[in-house]
Amino acid sequence: MKVGIIKEGKVPQDKRVALTPAQCEEVLEKYPEVEIYVQKSPIRCYEDKEYEELGIAVVDSVEDCDILLGIKEVPIKELVPNKKYFFFSHTIKKQPYNRELLNAILDNNISIADYEVLTKEDGSRVIAFGRFAGLVGAYNGLLAYGKRHKSFDLKPAHLCHDLNELWIECKKVILPSDFKIVLTGSGRVSNGAVETLLAAGVKKVSKEDYLNQTFDYPVFVQLRSKDYHAKKDGSAFEIKDFFANPGDFKSTFTDFIPVSNMLVAGAFWHPAAPVLFTREDILKDDFKIEVIADVTCDIEGSIPSTLQPSTIVDPLYDYNPVTGKVEEALSSDKNITVMAVDNLPNELPRDASESFGRQMIDNVLEDLFVTNKGVVSGATITDNKKLTEKFSYLQDYVDGKE
């Protein structure tokens, strides 16, 4: 079986890779029947020579491989017909901007397994970049505050060699003694943000203490869904009910607005769920939040100030509460500073790739190469020019009917 690691072709550029050089070597040792070929890339975080030094074949084309591993969506013109691909397709939620890609996949008899739906029997994901989105997102929020108040200056995350250098930079963070950060979510993304906040010397406190006490040192609270949602009919909160019927709930996040200086948004949001807060809430006198690090980056979603994504090179913009429009970053202290980079793990590509490849080896490759227990088949969206049964709900999306 020939496995090809493709060069990333999507713009903006993505430097990540599915398997690092050392991990390729590990796979070849564990599965002697497998061959790995790495397509030459001038942008990959691991240089071609790092693969070659370990005896991994680096080639111009991987078209003769059986399985092709990527990260981001493959540009339509770069798709190789009749292959088995792995990458994040961003089609399973019927994203309009990728409908043509899914049609091209079908037309070219490509079988696509989407990393986002590689799961265990209980439905939990086995592979993700979420931790690094949280790590970098929280870091960028702190960077934004330092720039806004000219109180400290952090090296941009994408200029740090690796995570260790980012941790060192965190020691430069100087926050006011009464500073409070509210963090939403309890999954990989939010737990990654927790790591950064702790590295920056911010103490974690309970919801009750956060709301009711003052501190002489900076603190943060990590909120689960039940901490900022309530049933509209007044009945008890149940997480299964919330996920199944999000429209039956209302947001109680406004309780945190008067006491919070910064928001780090790391919780998954469903369009049917209540928004975190409204534009009208921002205009109220008690709205204290001045920096919003929207790690989830749901455009015009749960946070009204997230009107557009930002970029790794230019991660910040201002939101004018009065006009409701985007303005130049740090242009007025009456504005809210927003960080909404939509590919945060790419700021630490070597560490993110190493973590991703480890999950790939531990949770996916045995099923792909040997056992065929269903991990890969359950994530396969297309096969033989058709949608698989699990993803047949995408047919109207493919046909352009919705």
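Residues numbered from 1 in each chain as written. Predicted model: local features only at pLDDT ≥ 70, side-chain atom pairs only at ≥ 80, totals over all residues. Heavy atoms only, no water.

(A) Spatial organisation of the sheet that holds strand S12 (residues 262-265). The eight strands lie next to each other as S8-S9-S7-S12-S13-S16-S14-S15, forming an open sheet whose pairing is mixed. What marks the edges here is a single partner per strand, and that holds for strand S8 (203-204) and strand S15 (325-327). Strand direction decides the pairing type here: strand S14 (residues 316-320) and strand S16 (residues 336-339), joined by four bridges, are antiparallel. Residue pairing for S16: aspartate 318 is matched across the bridge by threonine 337. Strands in contact with helix H4 (residues 130-149) are strand S7 (180-184), S12, strand S13 (291-294), S14 and S16; relative to S13, the strand with the most contacts, it is inclined by about 160°. Each of S7, S8, strand S9 (219-223) and S12 touches helix H6 (residues 188-199); the most contacted strand, S9, lies at about 170° to it. (Pairing = 2+ DSSP bridges. Helix = DSSP H or I, 4+ residues; strand = E, 2+ residues; numbered from the N terminus. Contact = heavy atoms within 4.5 Å. Axes fitted to C-alpha atoms, helices over the stretch in contact; angles between N-to-C directions.)

(B) Local environment of H6. For H6, spanning twelve residues, the distance from its first C-alpha to its last is 17 Å, which sits close to the expected 16 Å at 1.5 Å a residue. Restricting attention to buried positions, one finds in H6 the residues Ser190, Gly192, Ala193, Val194, Thr196 and Leu197. After H6 finishes, the residue glycine 201 shows a positive phi value of roughly 85°. (Expected span 1.5 Å × (residues − 1). Buried < 20%, exposed > 50% of the residue type's maximum accessible area, 1.4 Å probe, protein only.)

(C) Molecular detail of the UniProt feature "binding site: NAD(+)" (unreviewed entry) in the protein. Annotation from UniProt places "binding site: NAD(+)" (unreviewed entry) at Gly187, Arg188, Asp227 and Val295. Note on placement: arginine 188 falls in helix H6. Excluding its chain neighbours within four sequence positions, the residues that come into contact with arginine 188 are Arg125, Val126, Ile127, Ala128, Gly130, Arg131 and Gln359. A distance of 2.9 Å separates a polar atom in the side chain of arginine 188 from the backbone oxygen of arginine 125. If we ignore the near neighbours within four places in the chain, the residues touching aspartate 227 are Lys207, Gln222, Thr252 and Phe256. (UniProt positions renumbered as here; feature names shortened; annotations may be inferred. Polar contact = N/O pair within 3.5 Å; in protein donor to acceptor, adjacent residues only side chain to side chain.)

(D) Spotlight on the UniProt feature "active site" (unreviewed entry) in the protein. Following the UniProt record, the feature "active site" (unreviewed entry) maps to Lys72 and His90 here. The greatest C-alpha distance among the annotated residues, which extend across 19 residues, is 8.7 Å, indicating that they converge on a single site. Along the polypeptide, lysine 72 turns up in the loop between strand S4 (67-69) and strand S5 (84-87). Since its relative accessible area comes to 14%, lysine 72 is described here as buried. Setting aside residues no more than four positions away along its own chain, lysine 72 makes contact with Glu8, Lys10, Asp14, Arg16, Phe87, Phe88 and His90. Considering the arrangement of structural elements, one finds histidine 90 in the loop between S5 and helix H3 (99-107). By relative accessible area, histidine 90 is classed as partly exposed at 21%. Leaving out residues up to four positions away in the same chain, histidine 90 has contacts with Lys72, Glu73, Gln95, Tyr97, Asn98, Asp114 and Glu116.

(E) Spotlight on the pattern of salt bridges. Following the criterion strictly, the structure yields 18 salt bridges and no others. In this structure, lysine 40 and aspartate 60 form a salt bridge, with 3.3 Å as the shortest nitrogen-oxygen distance. Taken together, the positions of lysine 40 in the loop between strand S2 (35-39) and helix H2 (48-52) and aspartate 60 in the loop between strand S3 (57-59) and S4 put the pair 20 residues apart, joining distant regions of the chain. The closest approach of N and O atoms between arginine 44 and aspartate 48, which form a salt bridge, is 3.6 Å. (Salt bridge = Lys/Arg side-chain N within 4 Å of Asp/Glu carboxyl O.)

(F) Expanded view of the sheet that holds strand S1 (residues 2-5). Sheet architecture is open: six strands sit in the order S3-S2-S1-S4-S5-S6, paired in parallel fashion. Every other strand in the sheet has two partners, leaving S3 and strand S6 (111-114) as the edge strands with one partner each. Pairwise comparison of adjacent strand axes, ignoring direction, gives a mean angle of 25° for this sheet. Pairing geometry for S2 and S3, over three bridges, is parallel. When the bridges of S3 are listed, glutamine 39 appears paired with valine 59.

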